[in-house]
Amino acid sequence: MALRGLEGAELKKGLRELITSWESIVREAGSFEQVEDTLLHLEENDENFHKHDFIKTLKHKLEETLSNLIDEELDKYSTSGHIDSEIHETLVSQIIHTITQSKQYADLKKKLQKNISEAVDALIANFDSEFGIGRVTSDVDSVMLFNSDDLKSITDSLSKMKSASTRKEAMQKLNQIVSGEIVQNKHWPQLRKNLLDVMADPDDQLSELSLKFVAKSFTCTSHHTYQVYSLLMDFLCSQFNSKNFTMPLVQNGLDSSDKFMIKLLKAFRLMNEFQQEAPNYWGSLNLLMLQMTPQSPSTRLTPLHFIAVLDPRAQWFTKWMHCNYSRQELLDRLQQYKILVETSLKYCTDFSSLCKPSPDEMHEVTESLFKTSLTESGRRQHYSYSELEYALFIHSLSLLGKLLCYQAGRSFFPYKLKDKPAAVTVSQLLRALVQLIVDSGQTTQYRRIDKNVYESSFLVTEVFKLLCGTETTCSVLLCKDDIMSTLLSPMSRFLDGSHGTPAPNEACLLHVADILCVMASTAKGRQFLLYGESNNLLTRTKSSPAHLVAEFTKRALSSDLSRSSSLPSNAVVGAYLYVCRQLYSTCDGLLVLSQYELHTSIAQAWKKLQVAEKSGGSAMSMKTYETDKCKDTYISRDSWKEMLQDNLLNFASTAKGILLLQQTGALSECIQYMYSRYDKKLQVSKCEKFGYGYMVTQVAATATGIQALQGTGYIKALLMELWSSLECGPLDTPSFSPKAWPVDPIDRCSQKHFIRLVNILSAFPAVYEMICGERLPARETYSLRDIPDSITALIDRIIIVDSDVKIHSLFNYEESYTFGLRVLSAMVSCLDTYLLLESQYKFQEFLLKEQEANKIEDSGAIIADMLSVERNYILVKSYLVGGPSERTLPARTLEEDRTGNIQAPTLFSSYPVPKEYQPNVISKSSTKQENELTKFLNAQRAEKKPKLWVDKCRGALLKVMSTKPDQMKGNVLQQLLEQMVANQCQIQDEANLVVFSEKTIKTVHLSHLQQLGVQTAVRYGTHLKIVSKAAESTEALTHLMKQAACSLKLQQKPFKTSLKFLEDTYPGFDWFTATVYLIFGGNAERAWKFLHRFSALRASGYMWMARLHSSLLPTSLLSSGIPPLFSGTAHNIELLLQNELPLVVSAFKMSGYTPSQICIHWLTQCFWNYLDWLDIVHYIVVCVCMGIDYQVYMCVAIFRLLQEDILSHMQTHDLVIFLKEEAIRNFHVTQQIKYMKELEVKYRKLVLSDIMDIGKP
């Protein structure tokens, strides 16, 4: 067997080269064991391993010898067809074993072992000659090994007494040696001294070789590199301290064609680049202080001038300040060398107040600096005095900007400058820098970022954006009224109408907008923009920065600025509109900016563009399309239209904002635009981290929103992605990697699609709009590639799987069916959705049949598997109504008991459900107990002034709820509700809705959904032992429902609508009426009297969902399909959460779910299934008696209680499931009333005024 390249001299050469490459590994290792471990794993960690000649030859020989054998083995198994993943790994091991046991492999191995053993013995026997110091390897870096005597010879040859040629030859040899070995050698002190002489030698070649030595040393990772770095520092210091040479004057500039200057520039560049890579050496601070005195800047070139030219943005300082350890070390050193801070401060303040060069001169300087280069072809020949001073200003600005980002850096201020009467504070420095932005003389024409990197206004803007980027720094430094007043002065000049002052240019306005954008992206900055320095949500004024920005933007959109001759361009208007958008996309921002009606202004501007496009006109009358004045800020008409649409869309971030967007008539177009961006996986904006998931969920909470979403194709695309994850995609593409075996009910790859689907099916109006009246598209045959394109089709395929055809059409029947049941479980958490699904598709009957079919024939027991357990859970959950202690939901998994036996939940195949799921509810004692409230209600002497009576009653109610919560039950609550409503009806402020008249019930018929609702409510009342005779109670509640429906229908307004939700009477079940019926113990007459009176109060519009359905409100609001409960109560809940529980808001945002959706869910069904009955009654009592704003405070109190759970489920990505399917445990109104009262004291003036204005968007 010929082993060419693996025997004799060729083998020794290959092994020698391989062993030599290990040198750095051996030297850096701490022990023999570490060397051994590194070499054993060399192939894994060394990217150059396969480039060595020996390795390449060995690999080629293995392929040549064994390839045929490997091919035969592979062919043998490939003929057996598909290989299961379970045996794949075993099969590979089997083939490897066959190869290694073959004769070919054994012969090759034996021959190689013999050859390598002989070669290694020969190398060891002649080690000195094979690896000695004159032996240069073939490595391209020309690194050689050496002994101490050779280094002494090189050291002696570098003496300045030697000839130039001898020194050059010695430097060339030195550059072939690894520097780590040199520094550790005993000859290093003398060598270092000689190297300093070589570096200072005027001979170009010698100095070049010395700098090459330094550069090569910096590539070594040895900790001795500091010695070489110190050598470079000493050389540079010696050049500036030399008595034989004087640095040129600064006024003469820097001549970069001079050989000596070239050498210094290269040395400084070496130092600067190394420090940016390894910010652990502090010697340069000593260097930078040379020739600087506190009295005045040096008149001669200093090290700082060189650093400023090479690194004008002070990247070295930025790198050092990045990590905590290096930052602390640097700041400690700066305490010793404060002159660097002082010099930087002086340059910044002087540039702002004294220099003020003309714009043309600044333009010339910045263009020149932009051309800075050290390459031979593009090297600058000369830097003028102005360029040097400006470079120092840039360097100083960057250094101070980074210094101010940290508390320890801010501790340098106030700083006393020698030529200033008082110490300079941070605020004074920032005000001076702001002038460079807002002063028209300092801000040149706006240019794009790649051109204006050295523009003073741009650089100051970047520093301010850096300071705005963190909450603390923004709050401490920039959230100041005086600084903001100066920053906003360009807008003030536009708005004040005075023509005596020059108009600010485009660059100035755009720089200000950039700063405001970053500020508005932080909570502290946004709060400052909305309220100013010393105000907040409760003490807001019209003098805050947000008002100025909004007014400027509104007037600019309508071309209504005083300076009509110089209107800002669309780019400027768009920049400030984006600032407003960051504000009004939050609840508090929308509150502050609501008076400017920006949604109307944006929609009008957008519609003007649409009209212009339809008319075919190519020329616009708007001045903002004139491009001659400022071409760089011009944006096309299409871009401007898209910008307006994008900002209009962001009103959909809040509950009230959706209503405002709907009122503009542009909702459908904006949702279409949103889907186009969502489909491309684009984020909402440059300052927002999350995508459109949160906004989609907010929109999907309303009937009009889901209608717009359906029109975009979003639902269809969502279902296609879901089906591709669950079953198969539209294309028949084979999968080469098998899917992981699912271990969870919802597989991880489908979890995201599951949550997105549940988000849009969370609200009853959305579900009603999509499936009401829609039959299941059942067919006789289904293709394996049929993908559902609607919600009803999805229900048909994976929820109501009622035929073998459907089962056989699923690739993963159990997984897909379980997925569908989980979706059904989430949907029926909403009682209205449950009633709709049951009335249309009779899903309970189907599930019971499935359970029956799953029985064992002999015993009649139901087989417990994943599907039967999940069906069992849904059957119990949808049948029983009750709070956390009033019903027991079965487990959704098989559990082990204490003995280790697997226990399945009790399964059944017919209603009613087993008793074990219905805990016995102890009837609350209604024994009459005397307390402050009962005494007040039973007082013989009635209060003549209803308002005073209401106030006294509220006080008594609060006292009893706080001190005697166990007495808040029974008849006293009925009496309280009746008397409170009677008195409130006499107060003009409270009673402003029209009372519906009592008419005879004629032809009113309850829908199937409402009939099921009545049965559900009576079943709950029977379980609570409030009513005893189910048949009589069903008849009484049905009559009450008809009474209410008849009276409410008489007040409905006729109007055209495309929404199913608004076509007739309220489509859902009237849970409030059912709750009142049970509160009054099943007395329908007494309940009707209460409802009749209560209907006159504005509170009824929020507690009683059917009250304002298609009635009383202006037609524009009615046709929106957005109830006041959503745009009023839910909006204010989110507003208070932003201020009280910001972590909860963040958790919702990150989960893509909204607080408004779950709150509407809770409030619409009066907390049925979420709270126990007594707490539901307390909710009704508190909202009726204390004020309708207590709806808001109660929901905030619930979120406060659930905060830890919310944060936890945000991390597990199932927040929406937790909130919808889990009862609210450990929440009792009497325990939370104190906190609710605190919220009332803080927010009632704000919240109640907004809610009571029921007819305003």
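Definitions and limits used
Residues numbered from 1 in each chain as written. Predicted model: local features only at pLDDT ≥ 70, side-chain atom pairs only at ≥ 80, totals over all residues. Heavy atoms only, no water. Helix = DSSP H or I, 4+ residues; strand = E, 2+ residues; numbered from the N terminus. Contact = heavy atoms within 4.5 Å. Areas by Shrake-Rupley, 256 points an atom, 1.4 Å probe, with all protein chains shown as cover. Core = buried A, V, L, I, M, F, W, Y, C linked by side-chain atoms within 4.5 Å. Buried < 20%, exposed > 50% of the residue type's maximum accessible area, 1.4 Å probe, protein only. Disulfide = S-S within 2.5 Å. Phe/Tyr/Trp six-rings, centres within 6.5 Å; stacked < 30°, edge-to-face > 60°. Lys NZ or Arg CZ within 6 Å of the ring centre and 35° of its normal. Axes fitted to C-alpha atoms, helices over the stretch in contact; angles between N-to-C directions. Left-handed = near helix turned anticlockwise from the far one by under 90°. Parallel < 35°, antiparallel > 145°, perpendicular 65-115°, else oblique. Nonpolar A, V, L, I, M, F, W, Y, C, P; charged D, E, K, R; others polar. Salt bridge = Lys/Arg side-chain N within 4 Å of Asp/Glu carboxyl O. pLDDT = per-residue confidence, 0-100.

Peer 1: Any chance you could explain the overall build of the protein here in plain terms?
Peer 2: What the protein contains, in helices and strands, is 65 helices and 4 strands. For the protein, the share of sequence-separated contacts (at least 6 apart) that also reach a separation of at least 24 residues comes to 76%. Carbon and sulfur atoms provide 51% of the accessible area of the protein, an area that totals close to 56,800 Å².

Peer 1: Just checking my understanding: could you explain the nonpolar core for this structure?
Peer 2: Nonpolar side chains tend to gather and get buried jointly when the protein is soluble and globular. Core analysis: the biggest nonpolar cluster contains 373 residues, and Leu232, Leu516, Leu757, Trp1162, Phe1167, Trp1168 and Phe1199 have the highest contact counts within it. Residues within four places of leucine 516 in sequence aside, it is in contact with Met484, Leu487, Leu488, Met491, Leu529, Val549, Tyr576 and Val579. If you look at the next biggest cluster of nonpolar residues, it comprises 13 residues, including Phe49, Phe54, Leu112 and Leu123.

Peer 1: Can you walk me through the state of the cysteines in this structure?
Peer 2: What we call a disulfide is simply a covalent bond connecting the sulfur atoms of a pair of cysteines. A complete count under the given rule lists 0 disulfides for this structure. Cysteine cysteine 1185 is unpaired, with the sulfur of cysteine 953 as its nearest cysteine sulfur at 5.7 Å. For cysteine 1195, which is in no disulfide, the shortest distance to another cysteine sulfur is to cysteine 1159 and amounts to 4.0 Å.

Peer 1: Please clarify how the packing of aromatic side chains should be interpreted in this entry.
Peer 2: Two aromatic rings are characterised by how far apart their centres lie and by the angle between their planes. Across all of its chains, the model carries 39 aromatic pairs by this definition. For the ring pair tyrosine 768 and phenylalanine 1061, a centre distance of 5.9 Å and an interplane angle of 80° mean the geometry is edge-to-face. In this pair, tyrosine 768 is assigned in helix α42 (residues 764-771) and phenylalanine 1061 in the loop between α53 (1030-1050) and α54 (1071-1079), connecting sequence segments 293 residues apart. Note on accessibility: tyrosine 768 and phenylalanine 1061 belong to one class, buried. Within the aromatic cluster, the residues linked to one another by ring pairs are Phe1148, Tyr1153, Trp1162, Phe1167, Tyr1170, Tyr1179 and Phe1199. Seen from the ring of tyrosine 879, arginine 1019 lies directly overhead, with NZ or CZ sitting 4.0 Å from the centre. Here the guanidinium or amino end of arginine 1200 rests over the ring plane of tyrosine 1235, the centre of that ring lying 4.0 Å away.

Peer 1: I'm lost on the packing of helix α41 (residues 748-760) against helix α45 (residues 813-827) in this one. Help?
Peer 2: Think of two packed helices as two axes; the pair is described by the angle between the axes and how far apart they sit. At a minimum axis distance of 10 Å, the contact between α41 and α45 shows a crossing angle of 30°. The hand of the α41/α45 crossing is right-handed. Residues Ser750, Phe754, Leu757 and Val758 of α41 touch α45, and the partners they reach there are Phe819, Arg822, Val823 and Ala826.

Peer 1: How should the packing of α54 against helix α55 (residues 1084-1094) be read in this particular structure?
Peer 2: Look at α54 against α55: their axes get within 8 Å of each other, and the N-to-C directions meet at 130°. Taken together, the axes of α54 and α55 are oblique relative to one another. The handedness of the crossing between α54 and α55 comes out as right-handed. Judged by residue contacts, Phe1072, Thr1073, Val1076 and Tyr1077 of α54 engage Ala1084, Ala1087, Phe1090, Leu1091 and Phe1094 from α55. Class assignment for the residues of the contact of α54 with α55 results in 8 nonpolar, 1 polar and no charged.

Peer 1: Sorry if this is basic, but what is going on with the pattern of salt bridges here?
Peer 2: It is possible for side chains bearing opposite charge to pair when their charged atoms get close. A full pass over the atoms with the stated rule returns 38 salt bridges. With its nearest N and O atoms 3.5 Å apart, the salt bridge here joins lysine 266 to glutamate 208. Here glutamate 208 lies in helix α13 (residues 204-218) and lysine 266 lies in helix α15 (residues 259-277), a separation of 58 residues in the sequence. In this structure lysine 266 comes out as partly exposed when scored by relative accessible area, which is 23%. Measuring nitrogen to oxygen at the nearest pair gives 4.0 Å for the salt bridge that ties lysine 1049 to aspartate 1064. With lysine 1049 in helix α53 and aspartate 1064 in the loop between α53 and α54, this pair connects stretches of sequence that are 15 residues apart. Overall, the relative accessible area of 46% leaves lysine 1049 in the partly exposed class. For aspartate 1064, a relative accessible area of 42% translates into the label partly exposed. When salt bridges with common partners are traced through the structure, they connect Arg822, Glu870, Lys877, Arg892 and Glu1221 into a single cluster.

Peer 1: For this particular structure, what's the right way to read the confidence of the model for the protein?
Peer 2: Low pLDDT means the predicted atomic positions in that stretch should not be read closely. Overall, the predicted model of the protein reaches an average pLDDT of 83, with 85% of residues at or above 70. The least confident element of the protein, judged by mean pLDDT, is helix α21 (residues 359-370) at 55; the most confident is helix α62 (residues 1190-1201) at 97. Taken as a whole, residues 79-86 scores under 50 in pLDDT and shows 3 contacts with residues more than four places along the chain or in a different chain. Low confidence marks residues 133-145, where pLDDT is under 50. Its contacts with residues over four positions away, or in another chain, come to 25 contacts.

Peer 1: Explain the environment of phenylalanine 1090 here, please?
Peer 2: Checked against the element boundaries, phenylalanine 1090 lands in helix α55. Residue phenylalanine 1090 is classed as buried on the basis of its relative accessible area, which comes to 4%. Sequence separation between phenylalanine 1090 and valine 1076 is 14 residues; the distance between their C-alpha atoms is 8.3 Å. Apart from the residues within four sequence positions on either side, phenylalanine 1090 is in contact with Leu977, Val981, Phe1072, Val1076 and Phe1080.

Peer 1: Honestly, unusual backbone geometry in this entry has me stumped. Any pointers?
Peer 2: A negative phi angle characterises most non-glycine residues, just as the trans form characterises most peptide bonds. Residue phenylalanine 413 is joined to proline 414 through a cis peptide bond whose omega torsion reads -5°. Examined against the element boundaries, proline 414 turns out to sit in the loop between α23 (407-410) and α24 (426-438). Cis rather than trans, the peptide bond between tyrosine 911 and proline 912 has omega equal to 0°. Relative to the helices and strands, proline 912 is located in the loop between β4 (902-903) and α49 (932-937). Located in the positive-phi region is lysine 1025, a residue other than glycine, with phi close to 65°.

Peer 1: How do you make sense of the side chain of glutamine 239 when you look at a structure like this?
Peer 2: Note on placement: glutamine 239 falls in helix α14 (residues 225-241). Owing to a relative accessible area of 10%, glutamine 239 belongs among the buried residues under this scheme. Once you skip the residues sitting within four places of it in the chain, glutamine 239 turns out to touch Ala200, Met247, Phe260 and Leu264.

Peer 1: Looking at this structure, how should I read the side chain of glutamine 851?
Peer 2: Along the chain, glutamine 851 turns up in helix α47 (residues 843-853). Discounting chain neighbours no more than four positions away, the residues touching glutamine 851 are Ile862, Ser868, Arg871, Asn872, Leu875, Leu907, Phe908 and Ser909.

Peer 1: What's the story with helix α28 (residues 489-496) in this structure? I'm lost.
Peer 2: Residues spaced three or four apart along an α-helix face the same direction, because each turn holds 3.6 residues. Within α28 the residues assigned to the buried category are Pro490, Met491, Arg493, Phe494 and Leu495. Residues of α28 that are buried sit in contact with α24, α27 (481-487), α29 (506-520), α31 (545-557) and α32 (570-584).

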